[in-house]
Every structure is written in structure tokens, then in C-alpha cells.
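Structural description and commentary
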Amino acid sequence: MSLLQGKVAIITGGNSGIGKATAALFAREGAQVVITGRRQDVLDTAVRDIGNGSIGICGDVGVLAFNKRLADEVRDRFGAVDIYMANAGVINLSRSEEVTEEDYDKHFSINTRGVFFGVQTIAPLIREGGTIIATSSLAATKVLQQHTVYAGSKAALAAFARNWALEFKDRRIRVNVLTPGPVETEILGKLGVSEADRPAFDSHMANLIPAGRMGRPEELAEAALFLAAKGSFVNGTELMVDGGMSLS
Ligand code: NAD
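Residues numbered from 1 in each chain as written. Predicted model: local features only at pLDDT ≥ 70, side-chain atom pairs only at ≥ 80, totals over all residues. Heavy atoms only, no water.

Note the cut-off: UniProt positions are given in the numbering used here, feature names are shortened, and annotations may be inferred rather than shown by experiment.
Listed under Sequence similarities (unreviewed entry) in UniProt, the entry text for the chain is "Belongs to the short-chain dehydrogenases/reductases (SDR) family."

Set out below in C-alpha cells:
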């Protein structure tokens, strides 16, 4: 039986990587999927790839007006939402002394503010018994070189989730954090690591992971499906999907 038949799921940053793999899996499990992303052409391609009646809504999750437009469009088309996955995120590695105000504000605008105001705006649309998933990062709890600002921007999500889990308890909305370790997605090309240094960077990462390799987006999608459809007693917590990297 399909696990998400009749459910409406919004996935921010659903046009690539972990978000896209999750959108595709949720759609195969019967959900009406709504993805967001910043670039209309990439969003259109993702909607075609995901199929199953999925739709794309283009905009910046760091902008409150976009979240309101997203809520309005989803309310008009589908009436309510069952799953909100606040997944959009950015990273740019740099040493703290090199971080500019723009770098700092970009990380916190998308990774932190975008999650907070996304949930604030979409939560009223979430049906009783629905669920919220915020994509964090292993970097929020494990020290990794040049990740300081990114780590700070992601660390807030576990605190948000714990508070929301209690705030929304009367509507039985569960709120959890999905925490990936390194996963082979386009974000790895945006870290600020040069093409020439990438093989060394990738093998350094793989060596830190007991699994001996990076994760695949589909493996994170399976974990998101667990939180959305199976984990009915899992609330206010963090699911680490990192191949054991937190242990090293
Ligand atoms: P990705 O680059 O493929 O996906 C990021 C998505 O976020 C893209 O769809 C992009 O369009 C979207 N996005 C970025 N800024 C946005 C904005 N302002 N408004 C709307 N959408 C925006 O990378 P990914 O690895 O799939 O990342 C998904 C999430 O997983 C991110 O939150 C990332 O921080 C987190 N994460 C990834 C890894 C990894 O190694 N890939 C590890 C830990 C955490």
C-alpha cells in the first residue's frame, strides 16, 4: 500500500539533491508534492522528473513574502498540508576571519530564518496529525573545518523543533530534524572547494565515515519517509543519517 496516499507534502529546496529525491519518493508513495526552489528552469526540470502531478513554486525561502505566497497558493489549490519539509539550505566554507557580513546573513537568512518563518507561515495549514521535518546537518554538532557559520545557522533547528513539538501538540503535529552527514549532492560543488581539490576533499570525507563513503540522496529520502509516514511516536528529536560519521 502507498504510505502517503492522499497526503499533501511541501518540500523546500525540492528541485535538487536530498529534497528532490525525497519529493520523488513521496510522490511515488502517493503524495501530492509541492516543491520550491530559486530557479524556475531547474524547478521545471525537477517537476518533470518527479512527475505524478507534482508542482513547483519558485522563490526565496528567506523572504517572508515568498512563504506567504507559497501558503496562499497551496491553500487555494489543495486546502491543507500534511507534511512540511524545510529542507532548502546553503553552505560556503570559510575560516571565521574570512566570513563577510553577506556570507553570514545569507547562511542565517536561508538556513535559519527561512526555516523559522517557513514553519510560522505554513503551520496554520497543517492538518491535525501532520508533520514537520527540518533538514539540519551533522556540522551542527560535530566540529568540521571552516563550517563555523554554517554550523551555527543549522544548530538552531534542533531547538526550534523541540519547541515546536510542544507548541503544536494540541494539533498532534510532530516536528523532527533530519540530520545528514556528507551526501553526494550539488551542494558539494558549492562549498568553495576548487575542482582540483575536490577528489582529495571527497576522499578525506569518505575516510571520516565508518560507512567508507558519502551518503546518497535516496538514503536521506528513505529517512524522511520514515519520519513522515512511519515514525508516529517520534517527536521533537533528531534523526542522524551520517553513515556513523558522528562517531569518528
Ligand atoms: P542541494 O544544493 O542539491 O539542495 C539545496 C536546495 O536548496 C536547492 O534545491 C536550492 O535551490 C535550495 N535553496 C537554496 N537556497 C534557497 C533559497 N533561498 N530559497 C529556496 N530554495 C533555496 O543540496 P542538498 O545536499 O540536497 O541540501 C539539502 C539540505 O541538506 C540543505 O539544507 C543542506 O544544508 C543539508 N545538508 C546537506 C549535506 C550534504 O552533504 N549534501 C549535509 C548536511 C546537510
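Right, picking up where we left off after that structure.
**As for helix 1 (residues 17-28)**
How we decide: What counts as a helix is a DSSP run of H or I of at least four residues, what counts as a strand is a run of E of at least two, and both are numbered from the N terminus. An expected span of 1.5 Å times one less than the residue number is assigned to each helix. Whether a residue is buried, partly exposed or exposed follows from its accessible area with a 1.4 Å probe, protein chains only, as a fraction of its type maximum: under 20%, in between, or over 50%, in that order. Here, two residues are considered to be in contact whenever any of their heavy atoms come within 4.5 Å of each other.
Given a rise of 1.5 Å per residue, twelve residues ought to cover 16 Å, and the 17 Å separating the end C-alpha atoms of helix 1 matches this to within 8%. Along helix 1, the residues classified as buried are I18, G19, A21, T22, A23, A24, L25, F26 and A27. On its buried side, helix 1 packs onto strand 1 (8-11), strand 2 (32-37), helix 2 (40-50), strand 4 (81-86), strand 6 (174-180) and helix 7 (217-230).

**What to know about the layout of surface pockets**
What counts here: Every definition here rests on a 1 Å grid over the protein atoms only: cavities are sets of points where a 1.4 Å probe fits but cannot get out, pockets are open sets enclosed by protein on both sides within 12 Å along at least five of seven lines, and lining residues have some atom within 4 Å of a point. Grid points are joined across faces, edges and corners, and a volume is the space filled by probe spheres set on the points. Nonpolar residues are Ala, Val, Leu, Ile, Met, Phe, Trp, Tyr, Cys and Pro. Charged residues are Asp, Glu, Lys and Arg, and all others, Gly as well, are polar.
Each pocket or cavity is described by its volume, and for the largest pocket that value is around 970 Å³. No other element matches the four residues that helix 4 (residues 101-122) contributes to the lining of the largest pocket. Here the residues of the lining of the largest pocket sort into 20 nonpolar, 18 polar and eight charged. Roughly 270 Å³ of internal volume is contained in the second largest pocket. Lining the second largest pocket, in full, are L93, L144, Q145, Q146, H147, L191, G192, V193, F201, H204, M205 and L208.

**A short note on the pattern of salt bridges**
Inclusion rule: The rule for a salt bridge is simple: a side-chain nitrogen of Lys or Arg has to be within 4 Å of a carboxyl oxygen of Asp or Glu.
Scanning the model with the defined rule gives eleven salt bridges in all. A salt bridge links D202 to R198; its shortest N-O distance comes to 2.9 Å. With D202 and R198 both in helix 6 (residues 198-208) and four residues apart, the pair spans about one turn of that helix. The exposure class of D202 is partly exposed, given its relative accessible area of 23%.

**Some words on the site of the ligand**
The cut-off we apply is this: Any residue with a heavy atom lying within 4 Å of a molecule or strand is counted as near it. We call two N or O atoms a polar contact when they sit within 3.5 Å, provided that within protein one can donate a hydrogen and the other can accept it, with sequence-adjacent residues counted only if both atoms are side-chain atoms. Here the accessible surface of atoms and residues is derived via Shrake-Rupley with a 1.4 Å probe, and residues count as covered only by protein chains that are part of the display. Throughout, a molecule is located in a cavity or pocket provided that more than half of its atoms lie within 2 Å of its grid points.
The full set close to the ligand counts 28 residues, and N15, S16, Y150, K154 and T185 are the nearest of them. G89 is positioned with one of its backbone polar atoms (N or O) 3.4 Å from an oxygen atom of the ligand. Here the ligand has 820 Å² of accessible area as a free molecule, and 97% of this is covered by the chains. Taking a 2 Å distance to the grid points as the criterion, the majority of the atoms of the ligand fall inside the largest pocket. Counting residues per element, the ones that place at least two in the shell around the ligand are helix 1 and helix 5 (148-167). A breakdown of the residues in the shell around the ligand according to their chemical character gives eleven nonpolar, twelve polar and five charged.

**Focus on empty space enclosed by the protein**
It is a probe the size of a water molecule, rolled over the atoms, that shows where empty space is left. This structure, assessed with the given rule, holds two cavities of 30 Å³ or more. Around the largest cavity, the lining residues are N92, S94, V99, D103, H107, Q146, H147, T148, V149 and Y150. Elements that contribute at least two residues to the lining of the largest cavity include exactly helix 4 and helix 5. Each residue belonging to the lining of the largest cavity can be placed in one class, and the counts come to three nonpolar, six polar and one charged. Its volume calculated, the second largest cavity comes out at about 30 Å³. Lining the second largest cavity are T12, V61, Y84, A86, N87, A88, I110, G114 and V115. Sorting the residues of the lining of the second largest cavity by element identifies strand 4 and helix 4 as the ones contributing at least two each. A per-element tally of the lining of the second largest cavity places helix 4 first, with three residues. For the lining of the second largest cavity, a count of residues per class yields six nonpolar, three polar and no charged.

**Some thoughts on the packing of aromatic side chains**
Our working rule: Aromatic pairing here means that ring centres of Phe, Tyr or Trp (its six-membered ring) are within 6.5 Å. Orientation follows from the plane angle: under 30 degrees is stacked, over 60 is edge-to-face, and everything else is tilted.
Counted according to the given criterion, the structure contains five aromatic pairs. Aromatic ring contacts, followed pair by pair, group F116, F117, F160 and W164 into a single cluster.

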